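Coordinates in review
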Protein chains: 2
Amino acid sequence: MAVPERGARERMVFSAAQLIRRDGVAATGMREVAAHAGAPRGSLQHYFPGGKEQLVNEAVEWAGRYAADRVARFLAALPEPTPSGLFAEMVRQWTDEYESVGFAGGCPVAAATVDCAESTASTRAAVAEAFATWTAPVARALTDMRVPEERAAALATLMVSALEGAIVMARAERDIRPLTTVARELGPLLDAAMIQDG
Amino acid sequence: MAVPERGARERMVFSAAQLIRRDGVAATGMREVAAHAGAPRGSLQHYFPGGKEQLVNEAVEWAGRYAADRVARFLAALPEPTPSGLFAEMVRQWTDEYESVGFAGGCPVAAATVDCAESTASTRAAVAEAFATWTAPVARALTDMRVPEERAAALATLMVSALEGAIVMARAERDIRPLTTVARELGPLLDAAMIQDG
DNA sequence: CGCACGCTATGACAGCGGTCATAGTAAGTG
DNA sequence: CACTTACTATGACCGCTGTCATAGCGTGCG
């Protein structure tokens, strides 16, 4: 049980997230996930006895943790942390991807929300949890930058909302403009929330 | 050809939009659309020889026009038009729906983007067009409120992005908080873009 | 009446989806 | 060696999907 787990199972969850963010949940098949992960088809029912629902939920959870972890990395990369700087990094992750590999993929959490929010209760709970997991470190980073606590939570929600919406628009237009626009317009607002002291 | 068209065909396009915004494109079946519209199944291939792709595209176009038309109504409802007031109305349409009928539905354009952006070229073009159709009157409204032209386009993109993202988060959390938060936090920024004159 | 045209009605088809059942391998343990 | 446990391998099943083919209705026109 101790660390035998860096093999097929993990790869399948990762592959599921990859395929979901590209084609949506319904259009992503189990066999396709196994093939994409280079994992045997028989392992699906072994590792995910809960079926597709379980696999999708784990993919969503994985995506939430991934996004949260990125926040720490973004902060570490900033010479002098500011709210606008953090948001610019969050946006840049997407503009980089879109400019280098194209507009094939969106956010898997958003995809799962759109496809399953009404039909699958457990997945709806998973996406809610994923957004919370993602938003929390953003809000925490803002408070560390002298943004008042209640304001920080609200601005974190605004940042994630604007980013998610801009991702959708960017994919639709096949242009990163919505992403860069959102980063540029929101930057000053975010920085203005910091408490100034002499 | 003149106005014989308020029957089954239009209802099917409308029903398609309804079902897509609830379950996504892939999970919405043709037979289901016909049933929801109270239209005969045989009419599908008659009115939409292009198949599901055509039906989905028309639903997206319809949604884009609908959103654009709402902008004019929102403006008319405002005693004194301001950017924040317009955005508040746009958001309120969603909070009203979610509070009265629940969180079953999201934005059909976003759903089509998530599900078809990579798989179906014509639908991707349709969603891009829908976003443009929607954003244009918003930008125009801002310029009418003395917001400089380039700034108006950028802010319109920001408004739509933030709204779309907040819709996704609200559905995930089954809580309108992301929507109200976004409206509150973005309001001052939007109003500040108006040119003041003595 | 005859014919055309717009629309509807079914049924069939081929494909793919997730899931289950069953059997098989391989390694480790006593 | 027997036996368990972890994992893999297939194949079949059933339901559903989009699409096509074909035939039927009903109205209006000549």
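Look up a bit, the structure's there.
Residues numbered from 1 in each chain as written. Chains lettered and ligands numbered in written order. Predicted model: local features only at pLDDT ≥ 70, side-chain atom pairs only at ≥ 80, totals over all residues. Heavy atoms only, no water.

**Section: the nonpolar core**
Generally speaking, soluble globular proteins have nonpolar side chains that are buried together. As a reminder, the rule being used: Nonpolar cores are built from buried Ala, Val, Leu, Ile, Met, Phe, Trp, Tyr and Cys residues. Side-chain atoms within 4.5 Å join them into one set. We call a residue buried when its accessible area falls under 20% of the maximum for its residue type, exposed when it is over 50%, and partly exposed in between, using a 1.4 Å probe and counting protein chains only. Between two residues, a contact is recorded if the distance between any of their heavy atoms is within 4.5 Å.
Membership of the largest hydrophobic core comes to 140 residues, with the highest contact counts inside it found for Leu 86, Phe 87 and Leu 186 of chain A together with Leu 86, Phe 87 and Leu 186 of chain B. With residues near it in sequence (within four places) discarded, Phe 87 of chain B still touches Met 159, Ala 162, Leu 163, Val 182, Ala 183, Leu 186 and Leu 190 of chain B.

**Here's the deal with the protein's contact with DNA strand D**
Keep this limit in mind: If a single non-hydrogen atom of a residue is within 4 Å of a molecule or strand, that residue counts as near it. Each polar contact in these results corresponds to two N or O atoms within 3.5 Å; when the atoms are within protein, one needs to be able to donate a hydrogen and the other to accept it, and residues that are neighboring in sequence are counted only if both atoms are side-chain atoms. Only DSSP runs of H or I covering at least 4 residues are called helices, and only runs of E covering at least 2 are called strands; the numbering of each starts at the N terminus. Three categories are distinguished: nonpolar for Ala, Val, Leu, Ile, Met, Phe, Trp, Tyr, Cys and Pro, charged for Asp, Glu, Lys and Arg, and polar for the others, with Gly belonging to the last.
What surrounds DNA strand D is a group of 15 residues, the closest being Pro 40 and Ser 43 of chain A together with Met 30, Arg 31 and Gln 45 of chain B. Backbone polar atom of Met 30 of chain B to a phosphate oxygen of DNA strand D: 2.8 Å apart, as the coordinates give it. Lys 52 of chain B is positioned with one of its side-chain polar atoms (N or O) 2.9 Å from a phosphate oxygen of DNA strand D. At the level of elements, α3 (42-47) of chain A together with α2 (30-37) and α4 (51-77) of chain B are the ones that each hand at least two residues to the surface near DNA strand D. Broken down by element, the surface near DNA strand D gets its largest block of residues, four residues, from α3 of chain A. Among the residues forming the surface near DNA strand D, the class breakdown is three nonpolar, seven polar and five charged.

**A closer look at the interface of chain A and chain B**
The condition is simple: Defined in terms of a 1.4 Å probe, buried area is the accessible area two parts forfeit on being brought together, summed over both. The working definition used for a salt bridge is a side-chain nitrogen of Lys or Arg within 4 Å of a carboxyl oxygen of Asp or Glu.
The interface of chain A with chain B comprises 44 residues on the first partner and 44 residues on the second. Taken over both partners, the interface formed by chain A and chain B buries close to 3600 Å², and the fraction arising from carbon and sulfur atoms is 66%. Between the two partners, chain A and chain B, sit four salt bridges. Elements with a minimum of two residues in the side of chain A that touches chain B: α1 (8-23), α6 (108-116), α7 (121-144), α8 (149-173) and α9 (177-191) of chain A. Considering every element that reaches the side of chain A that touches chain B, the biggest residue donor is α8 of chain A, with 16 residues.

**Topic: the relation of the copies chain A and chain B**
Put simply, the test is: Alignment of copies: least-squares fit on C-alpha atoms of residues with pLDDT of at least 70 in both copies.
Superposing chain A onto chain B takes a rotation of 180° combined with a translation of 0.0 Å along the rotation axis, leaving an RMSD of 0.0 Å. Seen this way, the second copy is the image of the first under a two-fold rotation axis. Both copies present the same face, since 100% of the interface residues in chain A are matched by interface residues at the equivalent positions in chain B.

In short, geometric facts, not functional conclusions.
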